[in-house]
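# Fold and geometry: a report
One letter stands for each residue in the lines below.
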Amino acid sequence: MTPLPSGATAALGMLIHTPAVPRFPCRMAPIWLIGFLVLALSSIYCTVLHPKQEMWFQGLFPSNMCPANASAYTFYGIMFDAGSTGTRIHIYTFVQKNPEQLPELEGEIFESVKPGLSAYASEPKKGAETVRILLEMAKEAVPPSHWKKTPVVLKATAGLRLLSEQKAQALLLQGMIPRIVREVFEKSPFLVPDNSVGIMDGCYEGILAWITVNFLTGQLYGQNQQTVGTLDLGGASTQITFLPRFEETLEQTPVDFLSSFEMFNSTYKLYTHSYLGFGLKAARLATLGALEIKAVDGQMLRSSCLPKQLEAEWHFGGVKYQYGGNREGETGFEPCYAEVVKVVQGKLHQPDEIRRSSFYAFSYYYDRAADTNMIDYEKGGVLEVRDFERKAKEVCDNMDMYTSASPFLCMDLTYITALLKEGFGFGDNTLLQLTKKVNNIETSWALGATFHLLQSLGLTH
Ligand SMILES: Nc1nc2c(ncn2[C@@H]2O[C@H](COP(=O)(O)OP(=O)(O)O)[C@@H](O)[C@H]2O)c(=O)[nH]1
Ligand SMILES: [Ca+2]
């Protein structure tokens, strides 16, 4: 049990140790007793119970009676990220200490489930059930007194749309799953805004992740703001976002790669783009040639990026793929790179400026770097682009030693190398800050999206 703070213990103690015959005149006893009762209850209420649970005596106290930092200034936001490979819930707690200042992010509760909603295309109820179970966590995390004013939103990333289109199930995904998820939301005690379930535009995905990282690293407030660019590599799509420093970049960039965005009373003109079909798993399919084939069932898809003797099945987005190594032909980094580079070469815009900047990279960049011990799994680390290439060579040229955990490790590292170098045009020595969390908060578009949501609902300034 949470120990009572000293003030509350003292008040209770006085109540318990009250002499049977008080020295106060009898006439005064009820007032005296009520005084202590109010003091004790208010002390417990403000310091221990109020943020956590609804009490019968809650209505006795005005909402602003608790000192600063208590619930009058605390608010919450719930954001679901329905990604192509999994569904995640982010429950944020904010504290507005001063109406003039930005709210402070006090903490996050994060949980994820696999697979993503796209895997439930033929059983949408089961998919919605994964959302309901995650939402139960929010009931634990948010005090009941705040449920009605805590918004809950689910955004599916464009990756889900890509997969659904591939399977010609767009109607099902865009209609059925959102409807059932919305029902789950409506049945919950939380605030369900209009458009609470929807597909997020790819350009927002990049902008909102950029806001998250720059907020968490303290670049969106205070002086000497030096924003950092962000790289997100999902299963189906990948995003690059940065604030251009040079006029030439703005001049040389196609207009649909530039987006003005207002947040915390500042306007940012960002370079941002989401490449649909260039996520790590979509790239595997492209490398295997699966996207060009109409009926993949029964077709063996082979690649020099896979162990020679391998023959296996892979279920992704509700489709079964059969894949294997080049039994007769070559394997290793060189032939693999030649295969993978075709997926990216000439297909991405290359802004000159990024060669001279460093970037924060997360999601699959992080996972694959951690899987191969290039960075610490918990703390992350700093790498150069050439480190991915070095590791790709090591893994692909010694496939038997490395690929027992995932047969795709060589292909994935080679794809990351090709994407960074041939795709975006990064230099070998461009620095990448691999980050999963900053100050214990997940680096994901979800926080930026929650700020945006709270702002649009007028819940923050
Ligand atoms: N730790 C963590 N990983 C995330 C989060 N969001 C996405 N990922 C990672 O992103 C990758 C999958 O991307 P996903 O979002 O499913 O695909 P998308 O729909 O193409 O963006 C995996 O490596 C996940 O572990 C997050 O909030 N926290
Ligand atoms: Ca994602």
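So, how was this worked out
- For every chain, the first residue of the written sequence is number 1, and numbering continues from 1 along that sequence.
- Each chain takes a letter, starting from A, and each ligand takes a number, starting from 1, following the order in which they are written.
- Only residues with pLDDT of at least 70 get local features here, since the model is predicted, and only at 80 or more are side-chain atom pairs given and counted; chain-wide, interface and lining totals rely on the full set of residues.
- To get the side-chain values, all heavy atoms of the structure are used, and hydrogens and water are removed first.
- UniProt positions are given in the numbering used here, feature names are shortened, and annotations may be inferred rather than shown by experiment.
- The split of the chain into domains comes from an automatic or database domain assignment.
- For this analysis, residues touch if any pair of their heavy atoms sits within 4.5 Å.
- What counts as buried area is the accessible surface, traced by a 1.4 Å probe, that two parts surrender upon association, with contributions from both included.
- By definition, a salt bridge exists where a carboxyl oxygen of Asp or Glu is found within 4 Å of a side-chain nitrogen of Lys or Arg.
- We call two N or O atoms a polar contact when they sit within 3.5 Å, provided that within protein one can donate a hydrogen and the other can accept it, with sequence-adjacent residues counted only if both atoms are side-chain atoms.
- Under the scheme used here, helices are H or I runs from DSSP no shorter than 4 residues and strands are E runs no shorter than 2 residues, and both carry numbers assigned from the N terminus.
- We call Asp, Glu, Lys and Arg charged. Ala, Val, Leu, Ile, Met, Phe, Trp, Tyr, Cys and Pro are nonpolar, and the rest, Gly among them, are polar.
- The axes used here are C-alpha line fits, helices contributing only the stretch in contact, and every angle between their N-to-C directions lies in the interval 0 to 180 degrees.
- By definition in this entry, angles of less than 35 degrees are roughly parallel, angles greater than 145 are roughly antiparallel, angles of 65 to 115 are roughly perpendicular, and the rest are oblique.
- The crossing is said to be left-handed when, going from far helix to near helix, the turn is anticlockwise and less than a right angle, and right-handed when the turn is clockwise.
- Using protein atoms alone on a 1 Å grid, points that fit a 1.4 Å probe yet trap it form a cavity, whereas open point sets bounded by protein on both sides within 12 Å along at least five of seven lines form a pocket; residues with an atom within 4 Å of a point count as lining.
- Classification of residues uses two cut-offs on accessible area relative to the type maximum, computed with a 1.4 Å probe and protein chains only: under 20% is buried, over 50% is exposed, and between them is partly exposed.
- The cutoff for a nearby residue is simple: one of its non-hydrogen atoms must lie within 4 Å of the molecule or strand.
- The accessible surface values rely on the Shrake-Rupley method and a 1.4 Å probe; as for residues, cover is taken only from the protein chains in view.
- Should more than half of a molecule's atoms lie within 2 Å of a pocket's or cavity's grid points, that molecule is taken to sit in it.
- Two aromatic rings from Phe, Tyr or Trp, using only the six-membered ring of Trp, form a pair when their centres are within 6.5 Å; if the ring planes differ by under 30 degrees the pair is stacked, by over 60 it is edge-to-face, and anything between is tilted.
- In this scheme, the term charge over a ring applies when either NZ of a lysine or CZ of an arginine sits within 6 Å of the ring centre and within 35 degrees of the ring normal.
- Grid points are joined across faces, edges and corners, and a volume is the space filled by probe spheres set on the points.

The chain carries the name nucleoside diphosphate phosphatase in an unreviewed UniProt entry, which gives Alligator sinensis as its organism. UniProt's Pathway (unreviewed entry) comment on the chain is quoted here verbatim: "Protein modification; protein glycosylation."

## Examining the domain arrangement of the chain
Assigned domains within the chain: domain 1 (6-60), domain 2 (72-200) and domain 3 (204-279 + 340-441). Computed from C-alpha coordinates alone, the two centres of domain 2 and domain 3 are separated by 25 Å. The interface is formed by 13 residues belonging to domain 2 together with 14 residues belonging to domain 3. Summing both partners gives a buried area of about 1,100 Å² for domain 2 against domain 3, and 77% of it is carried by carbon and sulfur. Viewed at the interface, domain 3 and domain 2 are joined by 0 salt bridges. Across the contact surface, domain 2 and domain 3 share 1 residue pair in polar contact (both at pLDDT 80 or more). For the side of domain 2 that touches domain 3, the elements supplying multiple residues, two or more each, are strand E3 (104-113) and helix H5 (158-166). Considered class by class, the residues forming the side of domain 2 that touches domain 3 number 7 nonpolar, 5 polar and 1 charged.

## Quick notes on the packing of helix H11 (residues 364-371) against helix H14 (residues 409-423)
H14 packs onto H11 with a crossing angle of 130 degrees between their chain directions and a minimal axis gap of 11 Å. Between H11 and H14, the angle is such that the two are oblique. Helix-helix and strand crossings are classified by hand; for H11 and H14 the assignment is left-handed. Each of Tyr364, Tyr365 and Arg368 in H11 lies in contact with H14, whose residues at this interface are Leu409, Asp412, Leu413, Ile416, Leu419 and Leu420. Residue composition of the contact of H11 with H14, grouped by class: 7 nonpolar, no polar and 2 charged.

## Section: the UniProt feature "binding site: ATP" (unreviewed entry) in the chain
UniProt's feature table lists "binding site: ATP" (unreviewed entry) at Gly235, Ala236, Ser237, Thr238 and Gln239, given in the numbering used throughout. Taken from the residues named earlier, the lining of the largest pocket is made up of Gly235, Ala236, Ser237 and Gln239. The residue alanine 236 is located in the loop between strand E6 (229-233) and strand E7 (237-242) in this model. Residue classification places serine 237 among the buried positions, given a relative accessible area of 4%. Excluding residues within four positions of it along the chain, serine 237 makes contact with Glu205, Asp232, Ser274, Tyr275, Leu276, Gly277, Phe278 and Gly279.

## Brief notes about the site of ligand 1
Ligand 1 sits among 20 residues. The nearest are Thr85, Thr157, Ala236, Asp367 and Glu442. Taking serine 84, its main chain carries an N or O atom lying 2.8 Å from an oxygen atom of ligand 1. One of the side-chain nitrogen or oxygen atoms of threonine 85 is found 2.6 Å away from an oxygen atom of ligand 1. When isolated, ligand 1 has an accessible area of 570 Å², and the protein chains bury 88% of it. A majority-of-atoms criterion places ligand 1 in the largest pocket. For the shell around ligand 1, a count of residues per class yields 3 nonpolar, 11 polar and 6 charged. Lining the shell around ligand 1 are residues from two domains, each supplying at least three of them: domain 2 (72-200) and domain 3 (204-279 + 340-441).

## Section: the packing of aromatic side chains
Enumeration over the complete set of coordinates arrives at 21 aromatic pairs. Where phenylalanine 257 meets tyrosine 271, the ring centres are 5.7 Å apart and the plane angle is 55 degrees; that geometry is what we call tilted. Here phenylalanine 257, found in the loop between helix H8 (247-252) and strand E8 (258-263), pairs with tyrosine 271, found in strand E9 (residues 266-276); they are 14 residues apart in sequence, far enough to count as distant. The residues phenylalanine 257 and tyrosine 271 share a single accessibility class, namely buried. An aromatic cluster is built from Phe242, Phe257, Tyr271, Tyr275, Phe278, Phe359, Phe424 and Phe426, whose rings are joined through pairwise contacts. If you follow arginine 284 out to its NZ or CZ, it ends over the ring of tryptophan 314, 5.1 Å from the centre.

## A few points about helix H9 (residues 280-288)
Among the 9 residues that make up H9, 8 are buried, leaving the element largely enclosed by the rest of the structure. Listed as buried for H9 are Leu280, Lys281, Ala282, Ala283, Arg284, Leu285, Thr287 and Leu288. Directly after H9, the chain includes glycine 289, whose backbone phi takes a positive value near 80 degrees.

## Notes on the layout of surface pockets
Where empty space is left can be seen by rolling a probe of water-molecule size over the atoms. In this structure, the largest pocket spans a volume of roughly 970 Å³. Considering the residues around the largest pocket, the lining is formed by 45 residues, among which Thr85, Arg88, Ser363, Tyr364 and Asp367 are closest to the centre. Elements supplying a minimum of two residues to the lining of the largest pocket: strand E2 (87-95), E3, E6, E7, strand E11 (311-316), strand E13 (359-363) and H11. Its residues assigned to classes, the lining of the largest pocket comprises 13 nonpolar, 21 polar and 11 charged. Per-domain counts for the lining of the largest pocket show at least three residues from each of domain 2 (72-200) and domain 3 (204-279 + 340-441). Space inside the second largest pocket adds up to approximately 340 Å³.

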